[in-house]
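Each chain is listed here by its residues.
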Amino acid sequence: MSVFPQGFLWGGALAANQSEGGFREGGKGLTTVDMIPHGANRLPVKLGQEKRFALRDDEYYPSHEAIDFYHRYKEDIALMAEMGFTVFRTSIAWSRLYPDGDELTPNPEGIAFYRAVFEECKKYNIEPLVTLCHFDVPMHLVVEYGSWRNRKMVEFFTRYARTCFEAFDGLVKYWLTFNEINIMLHSPFSGAGLVFEEGENQDQVKYQAAHHELIASALATKIAHEVNPQNQVGCMLAGGNFYPYSCKPADVWMALEKDRENLFFIDVQARGAYPVYAARVFREKGVTIHKEQGDDEILKNTVDFVSFSYYASRCASADMNANNTSAANIVKSLRNPHIEVSEWGWGIDPLGLRITMNMMYDRYQKPLFLVENGLGAKDEFNDRGEIEDDYRISYLREHIRAIGDAIEDGIPVMGYTTWGCIDLVSASTGEMSKRYGFVYVDRDDAGHGSLARSRKKSFWWYKKVIASNGADL
Ligand code: BGP
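These numbers come from a predicted model, not from an experiment.

Scanning the protein chain from N- to C-terminus turns up 16 helices and 16 strands. The C-alpha atoms of the protein chain give a radius of gyration of 21 Å, which matches the 23 Å a tight globule of 473 residues would have. In terms of overall dimensions, the protein chain has a C-alpha envelope of 60 × 55 × 50 Å along the principal axes. The proportion of buried residues among the 473 residues of the protein chain is 53%. Considering only intrachain contacts with a sequence separation of at least 6, the fraction spanning at least 24 residues in the protein chain is 77%.

In a pair of packed helices, the angle between the axes and the distance between the axes together describe the arrangement. Between helix H10 (residues 202-227) and helix H11 (residues 249-271), whose axes approach to 10 Å, the crossing angle comes to 30°. As judged from the angle between their axes, H10 and H11 are roughly parallel. Both H10 and H11 take part in a crossing whose hand is right-handed. Taken together, the residues of H11 that come into contact with H10 (itself represented by Ala 210, Leu 214 and Ser 217) are Phe 265, Val 268 and Gln 269.

What follows concerns the UniProt feature "active site" (unreviewed entry) in the protein chain. Following the UniProt record, the feature "active site" (unreviewed entry) maps to Glu 372 here. Setting aside its immediate chain neighbours within four residues, Glu 372 contacts Ala 13, Ser 309, Thr 417 and Trp 419.

Looking now at the site of the ligand. Lining the immediate surroundings of the ligand are 14 residues, of which Glu 180, Gly 376, Ser 426, Ala 427 and Ser 428 lie closest. When the residues that make up the shell around the ligand are grouped by side-chain class, the tally is 4 nonpolar, 7 polar and 3 charged.

On to unusual backbone geometry. With a phi angle near 45°, Ala 66 is a residue other than glycine that sits in the positive phi range. Summarising the element assignment, Ala 66 is placed in the loop between helix H2 (42-46) and helix H3 (69-83). Residue Ala 66 is classed as buried on the basis of its 27 C-beta neighbours within 10 Å. Phi at Phe 135 takes a positive value of approximately 55°, unusual for a residue other than glycine. Here Phe 135 lies in the loop between strand E3 (127-133) and helix H6 (139-145).

Spatial strand order, E1-E2-E3-E4-E5-E7-E13-E14: 8 strands in a closed barrel with parallel pairing. The sheet shows a mean angle of 25° between the axes of neighbouring strands, direction not considered. In this sheet, E3 lies alongside strand E2 (residues 87-91) in parallel orientation, the contact comprising 5 bridges. Bridging from a neighbouring strand, Thr 90 pairs with Val 130 of E3.

Conventions used here
Residues numbered from 1 in each chain as written. Predicted model: local features only at pLDDT ≥ 70, side-chain atom pairs only at ≥ 80, totals over all residues. Helix = DSSP H or I, 4+ residues; strand = E, 2+ residues; numbered from the N terminus. Rg over C-alpha atoms; globule rule 2.2 N^0.38 Å. Buried ≥ 20, exposed ≤ 12 C-beta atoms within 10 Å, placed from the backbone. Contact = placed C-beta atoms within 7 Å. Axes fitted to C-alpha atoms, helices over the stretch in contact; angles between N-to-C directions. Parallel < 35°, antiparallel > 145°, perpendicular 65-115°, else oblique. Left-handed = near helix turned anticlockwise from the far one by under 90°. UniProt positions renumbered as here; feature names shortened; annotations may be inferred. Near = placed C-beta within 6 Å. Nonpolar A, V, L, I, M, F, W, Y, C, P; charged D, E, K, R; others polar. Pairing = 2+ DSSP bridges.

The structure is reproduced here in structure tokens:
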């Protein structure tokens, strides 16, 4: 017997910038991620320390072709349908609809592309779950306006959001505003298009930008409901609770502080107001938020559900500069000696997922949607030309069990989309060799390969999981 409710949404996730490619096709403009090269020059850009905004011939930019979903979406969606997906999470590239970001009217070619993608999903009864901004702010907005540090972004984003809700009305009803909104604190350029001036208070810039994103998200939520009351809008957290490294009170306190740093965004989006602890945190960081009249009212437009990614739990102590840190999913964490790690040092902790879900439901009392989870691993073909990714199956199986446990704890869970259901470009490394998919894509870290798709062992396993509504793991 399955513990998953009837109608539980099963599927997988991609993001435009990591899958589509076609970076200059259909009138698309350049975005932040299109400027992030693979290799040695990648990190400064991700951290917002790079001010050279020009593509260089001697660099390789993984997003430019990615896995060519732009031309292969029919084949890819057919593979998802074959696995039995009932939901497919992807994002719309803002720069396909508004190439510069500040135009008054959208690019019809961009709208036509996404209509075609969502119609293809409907053909197979797959519900699209669509993120409006997944790490790809149009570059023109970065260069001309300083991206989210500028209040004008609210106007540009809400115009874009309205366009999406109207243009795809009847095709899409599940929406997310910003992917992993808290990541802008940890990776400000890819997260929010922020580039810093020498010597400025970066926290001030980040939290003011966060305020603008939160206002934009609340307004977008309101617009979505006005356009169609059936629309359901979620926020999206890069999730994973912090454990205290020990039971020393100072470690426990630090774990709480670290959780709040990330949950701050969701506290606003799901509860409709700045949390009480924010004032003290801002004081300590020398941050003053410039609010406009009416902002507090706007923030009351809370989301319908809370979505999150979960790859790993995290660990904190009073001394976060200790030597044994890792950066699981970009957020700095201490290495937890009680759990195994992936090849990239991300802790594998299915019980941590149940803990995270319980904490989030206790805190928000809104349905949860796990929209990213998976194991990044290197895959090799065996002698029979197959990929036997039992390591991936075992990771996913344990995490699906944890969701089942959370459901038995009484938590309403809307669905589950594994990350990178078809291999795609890794956000942190820009590489292809960190693979998450049920479907292998023939492409290497330098961008070579036929791009042909092939089914891994996990493909057949996940098909069976979906067919049994999670009973047959
Ligand atoms: C999240 C992002 C995704 C994705 C995933 C895996 O932070 O929302 O875009 O890439 O993490 O991370 P990585 O690709 O670095 O393995």
